[in-house]
Amino acid sequence: MANNLERLQKVIAQSGVTSRRKAEQLILDGKVKVNDKVVTTLGTKVSNSDKVEVEGIPLEKELPVYFLMYKPRGVISSVKDDKGRKVITDLLGEEVEERVFPIGRLDYDTSGIILLTNDGDFANLLMHPRHQIDKVYVAKVKGILKKTDLTHLKKGVKSDKDLLKAVDYRIISTDKKAETTVIELTLHEGKNRHVRRMMEGLGFPVVKLKRERYGFLNLDGLKRSEYRPLTPKEVKQMYNLANQN
C-alpha cells in the first residue's frame, strides 16, 4: 500500500500546501524536489515512501479540513501579503493547525462567505467554472438601474479582455433620493473583481459588496470574522453539487 503511486501535483495539493493548479506551476518553476532531486515533469508519480519538498519544505500529509468563514472587509483572501496587510488565515484560531488556504478569493473591500481548506482537489472542483456553482452577491451601487441596463448583465459586460456575466439578478431595493440601487447577483465564475468591474462597466460603481451564498451554504449564525467547520454532510453535498454539472 505504501508503494501506490500518485501524481506529484496531486500529492502536493492533498498535503494542504496549495491547490493542484498552483502545485503544477511550482513543479514547472523547479521549486519541487523528490528525493533531493528537482523535478519539473508534471507526469511524475511518487509513492508514500518518497521524500517530497516544496520550496525547501518537506511535505507532511494532513487530514483534510474544511471551514466556512464570514470574511470582513479589510482582509486579504490569501495566506500571505507582501504589503503586511491582514490575511484571512490570521482570523483562524490556534486550534486550526492545518495549512489551509482560501477557495478562490474575495476582494479586500468585499465581505461575506468564503471557504478554506487544505484539500486541493476539493478547491479545484469548486472553483472550476464548468461546475456552475452559484455564488450569490448583494451589491449596493450608485445610480438607478433600468431594464436596458439589466439585460447587459446576462449578455455580458466587456472589461479589458474579459466578458463579465451574471447568470441571474434581482433588484432588492432602490433609493431615488440617494440615487442608489441594491441588487442581488448570481455568478458561476469568479474573475478578478468580477462584480465591481461588471457594474462599473455599466456605469454603476459599487459602494458596498457582500457574498451571501456559496452553493447552498450561507452565513447563518456567523458574525464577521467568525468561522465554523463544514460538516461531513455539507462537504459531501458540495462534492455532489459540483459533480452534477
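Summary of the structure given here. (Residues numbered from 1 in each chain as written. Predicted model: local features only at pLDDT ≥ 70, side-chain atom pairs only at ≥ 80, totals over all residues. Heavy atoms only, no water.)

1. Points about the overall build of the chain
- Of regular secondary structure, the chain possesses 6 helices and 17 strands.
- If you line up the chain on its principal axes, its C-alpha atoms span 65 × 40 × 40 Å.
- With 245 residues in all, the chain has 44% of them scored as buried.
- Only carbon and sulfur atoms are counted for the fraction: they give 47% of the accessible area of the chain, which is about 13,800 Å².
- Within the chain, the 34 negative side-chain charges are centred at a point lying 6 Å from the centre of the 46 positive side-chain charges. (Helix = DSSP H or I, 4+ residues; strand = E, 2+ residues; numbered from the N terminus. Buried < 20%, exposed > 50% of the residue type's maximum accessible area, 1.4 Å probe, protein only. Areas by Shrake-Rupley, 256 points an atom, 1.4 Å probe, with all protein chains shown as cover. Lys, Arg positive; Asp, Glu negative; His and termini not counted. Charge placed at Lys NZ, Arg CZ, Asp CG, Glu CD.)

2. Digging into the side chain of Asp 81
- The topology assignment puts Asp 81 in the loop between strand 7 (66-71) and strand 8 (101-102).
- A distance of 2.9 Å separates the side chain of Asp 81 from the backbone nitrogen of Arg 85, its partner in a polar contact.
- Residue contacts for Asp 81: discarding those within four places in its chain leaves Ile 76 and Val 87. (Polar contact = N/O pair within 3.5 Å; in protein donor to acceptor, adjacent residues only side chain to side chain. Contact = heavy atoms within 4.5 Å.)

3. Some thoughts on the sheet that holds strand 5 (residues 52-54)
- Spatially, 4 strands are ordered 3-2-5-6 in an open sheet, and the strand pairing comes out antiparallel. Strands at the two margins of the open sheet, each flanked by one partner only, are strand 3 (37-38) and strand 6 (57-58). (Pairing = 2+ DSSP bridges.)

4. Digging into the packing of helix 3 (residues 120-127) against helix 6 (residues 232-243)
- For the pair helix 3 and helix 6, the least separation of the axes is 9 Å and the interaxial angle reads 45°. Relative to helix 6, the element helix 3 is oriented oblique. The handedness of the crossing between helix 3 and helix 6 comes out as left-handed. Only Val 235, Met 238, Tyr 239, Ala 242 and Asn 243 of helix 6 make contact with helix 3, whose side of the interface consists of Phe 122, Leu 125 and Leu 126.
- Partitioning the contact of helix 3 with helix 6 into residue classes produces 7 nonpolar, 1 polar and no charged. (Axes fitted to C-alpha atoms, helices over the stretch in contact; angles between N-to-C directions. Parallel < 35°, antiparallel > 145°, perpendicular 65-115°, else oblique. Left-handed = near helix turned anticlockwise from the far one by under 90°. Nonpolar A, V, L, I, M, F, W, Y, C, P; charged D, E, K, R; others polar.)

5. Thoughts on unusual backbone geometry
- The backbone of Asp 36 sits at a positive phi, close to 70°, despite the residue not being glycine.
- Relative to the helices and strands, Asp 36 is located in the loop between strand 2 (32-34) and strand 3.
- Relative accessible area serves as the criterion here: at 51%, Asp 36 is assigned to the exposed category.
- For Ser 225, which is not glycine, the phi torsion reads 80° and is therefore positive.
- Mapped onto the elements of the fold, Ser 225 is located in the loop between strand 16 (217-218) and strand 17 (227-229).

6. Some thoughts on the nonpolar core
- With 32 residues, the main nonpolar core has Met 69, Leu 153, Leu 185, Val 195, Met 198 and Met 199 as its most contacted residues.
- Taken together, the elements giving at least two residues each to this core come down to strand 7, strand 9 (111-117), strand 10 (135-142), helix 4 (147-155), strand 14 (180-187), helix 5 (194-201) and strand 15 (206-214).
- Beyond its immediate sequence surroundings of up to four residues, Met 199 is in contact with Val 141, Leu 145, Leu 153, Leu 185, Phe 204 and Val 206.
- With 20 residues, the next largest nonpolar core counts Tyr 66, Leu 68, Ala 123 and Leu 125 among its residues. (Core = buried A, V, L, I, M, F, W, Y, C linked by side-chain atoms within 4.5 Å.)

7. A look at the pattern of salt bridges
- Applying the stated criterion across every chain, the model contains 14 salt bridges.
- As a salt-bridge pair, Lys 31 and Glu 55 come within 3.8 Å of each other at their nearest N and O atoms. Residue Lys 31 is found in the loop between helix 2 (20-28) and strand 2, and its partner Glu 55 is found in the loop between strand 5 and strand 6; the two are separated by 24 residues along the sequence.
- Take Lys 31: its relative accessible area is 38%, and that puts it in the partly exposed class.
- Taking the shortest distance from any N to any O, the salt bridge between Arg 228 and Glu 234 comes out at 2.9 Å.
- A residue is classified by how much of its surface remains accessible, and Glu 234, at 14% relative accessible area, is buried.
- One connected set of salt bridges, linked through shared partners, spans Asp 36, Lys 51 and Glu 53. (Salt bridge = Lys/Arg side-chain N within 4 Å of Asp/Glu carboxyl O.)

8. Description of helix 5
- Across the 8 residues that make up helix 5, a large majority, 6, are buried.
- Among the residues of helix 5, His 194, Val 195, Arg 196, Arg 197, Met 198 and Met 199 are the ones counted as buried.
- Against the buried residues of helix 5 lie strand 10, helix 4, strand 11 (157-159), strand 12 (162-164), strand 14 and strand 15.
- Within two residues after helix 5, Gly 203 carries a phi angle of roughly 95°, on the positive side.

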